[in-house]
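Structural description and commentary
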Amino acid sequence: MGKSGRRGISVAVAQVAILLVALAVGLIALGIFMRNTNVVTASSEREAGLQALKTDERLTLVYWARNGRAWIANDGPEPVTILQIYVDANLAWSGTATLGARQTQVFNIGFGQSLIVKTGTGMLHVLRREELR
Amino acid sequence: MPSQPVVALALVMVALALVLIVGTVGSTWLSRHAEKVDVRIGAVQMVRALADRYLLVVSVVNIGSVPVTVQTPSLRGDGNPSCTLLHVQGSQTIKPSERVEMTLRCSPARLGAEYLVTVNTDRGVQAWAKVVAVG
């Protein structure tokens, strides 16, 4: 009677212990899963950042006068925001100029051999480069 | 006393389970409240402007939980080009989940060569990316 009674208690304690161990293993697995989920999210964000470079912006230098006035046109279907203009690798203009589709705008930037425009998407557009001899 | 080893084993298992539970909960709580310092180069582009002078645009994103101040990016590779910062879009002290875009002039560089862009921060972490100089 005493023996069977003691055995019953120990089995119950053992079951509780197994339950707790299972709970602990579950918590650890959950922790590992959540860490992996964060890594996947971070990778997606990075991919999105790289994808942002692939835009359909089309800018054209219509005319660049010797007096430093440049006519820049947006030939694409979407509005483009020009943030900076570089002449001969020097910053010639900075600000915010949004060109609608098929719209042209004049910028006073000085004259040089190469003209590069940076847009709101972070893209650099080479509109003119020095003539190679 | 045949049940004593079983009880002892059960107690050991309970103690082990408690340690595991407290450890897991504790580490999860600490990781949530700990400062995470991390930056990443979101986008990088290197375009030839004039002769061997190239424009380099580097976008740095703060993916940590505290503000980080980034230094001017440096370039390593063919010809060991040196860079001059021309323009900064945003603040070089980047808040969490925000970004800064820096435009630099680097020379001498070579068309088609691959360069390593490195950005250091005041917190000691570093971000890097490879870029190819395009025409």
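Another point: the overall build of chain B. Looking only at helices and strands, chain B features 1 helix and 9 strands. Helices and strands in chain B line up, N terminus first, as α-β-β-β-β-β-β-β-β-β. Relative to the globule expectation of 14 Å for 135 residues, the C-alpha radius of gyration of chain B, 25 Å, shows a markedly less compact shape. Projected onto the principal axes, the alpha-carbon positions of chain B cover approximately 90 × 30 × 20 Å.

What follows is about unusual backbone geometry. Going from serine 107 of chain B to proline 108 of chain B, the amide bond is cis rather than trans, its omega being -5°. In the Ramachandran plot, arginine 102 of chain A falls in the positive-phi region, its phi being about 55° despite a non-glycine side chain. Position of arginine 102 of chain A relative to the elements: it lies in the loop between β4 (90–99) and β5 (104–108). The class for arginine 102 of chain A is exposed, based on 10 C-beta atoms found within 10 Å.

Residues and elements named next belong to chain A. Taking strand neighbours across the sheet as the criterion, the 4 strands line up as β4-β3-β6-β7 in an open arrangement whose pairing is antiparallel. Each edge of the open sheet is held by one strand with a lone partner, namely β4 and β7 (124–128). With strand direction ignored, the average angle separating the axes of adjacent strands in the sheet is 25°. Two strands pair when backbone bridges link them, and strand β3 (residues 80–87) and strand β6 (residues 115–119) are joined in this way by 5 bridges, in the antiparallel orientation. When the bridges of β6 are listed, isoleucine 85 appears paired with valine 117.

Across the boundary between the two partners, chain B contributes 30 residues, which contact 34 residues of chain A. For the side of chain B that touches chain A, the secondary-structure elements that each account for two or more residues are α1 (4–33), β1 (39–50), β2 (53–62), β5 (82–89) and β7 (99–107) of chain B. Tallied by class, the residues present in the side of chain B that touches chain A amount to 17 nonpolar, 9 polar and 4 charged.

So, on to the domain arrangement of chain B. Entries for chain B in the domain assignment read domain 1 (1–34) and domain 2 (39–132). For domain 1 of chain B and domain 2 of chain B, the distance between their C-alpha centroids amounts to 48 Å.

Residue and element names in this part refer to chain B. Within the largest apolar cluster, 46 residues are counted, with the highest numbers of intra-cluster contacts made by Tyr54, Leu55, Leu56, Val58 and Val60. The element that contributes the greatest number of residues to this core is β1, accounting for 8 residues. With residues up to four places along the chain from it excluded, the contact list for tyrosine 54 reads Met46, Val47, Arg48, Ala49, Cys106, Ser107, Ala109 and Ala133.

All names here are of chain B. Mapping arginine 123 onto the fold places it in the loop between β8 (114–120) and β9 (126–132). Taking the C-alpha atoms as reference points, arginine 123 and aspartate 38, separated by 85 residues in sequence, lie 8.9 Å from one another. Excluding its chain neighbours within four sequence positions, the residues that come into contact with arginine 123 are Val37 and Val68.

Residues and elements named next belong to chain B. If you walk across this open sheet you meet the 3 strands as β4-β8-β9, and the pairing is antiparallel. Edge positions in the sheet fall to β4 (74–77) and β9, since each has one partner strand and no second. For this sheet, the mean angle separating the axes of adjacent strands, direction not counted, is 25°. Both β4 and β8 contribute to a ladder of 4 bridges, which runs antiparallel. If you follow glycine 77 over to β8, its bridge partner there is tyrosine 115.

Scoring rules and cut-offs
Residues numbered from 1 in each chain as written. Chains lettered and ligands numbered in written order. Predicted model: local features only at pLDDT ≥ 70, side-chain atom pairs only at ≥ 80, totals over all residues. Helix = DSSP H or I, 4+ residues; strand = E, 2+ residues; numbered from the N terminus. Rg over C-alpha atoms; globule rule 2.2 N^0.38 Å. Buried ≥ 20, exposed ≤ 12 C-beta atoms within 10 Å, placed from the backbone. Pairing = 2+ DSSP bridges. Axes fitted to C-alpha atoms, helices over the stretch in contact; angles between N-to-C directions. Contact = placed C-beta atoms within 7 Å. Nonpolar A, V, L, I, M, F, W, Y, C, P; charged D, E, K, R; others polar. Domains from an automatic or database assignment. Core = buried A, V, L, I, M, F, W, Y, C linked by C-beta atoms within 7 Å.

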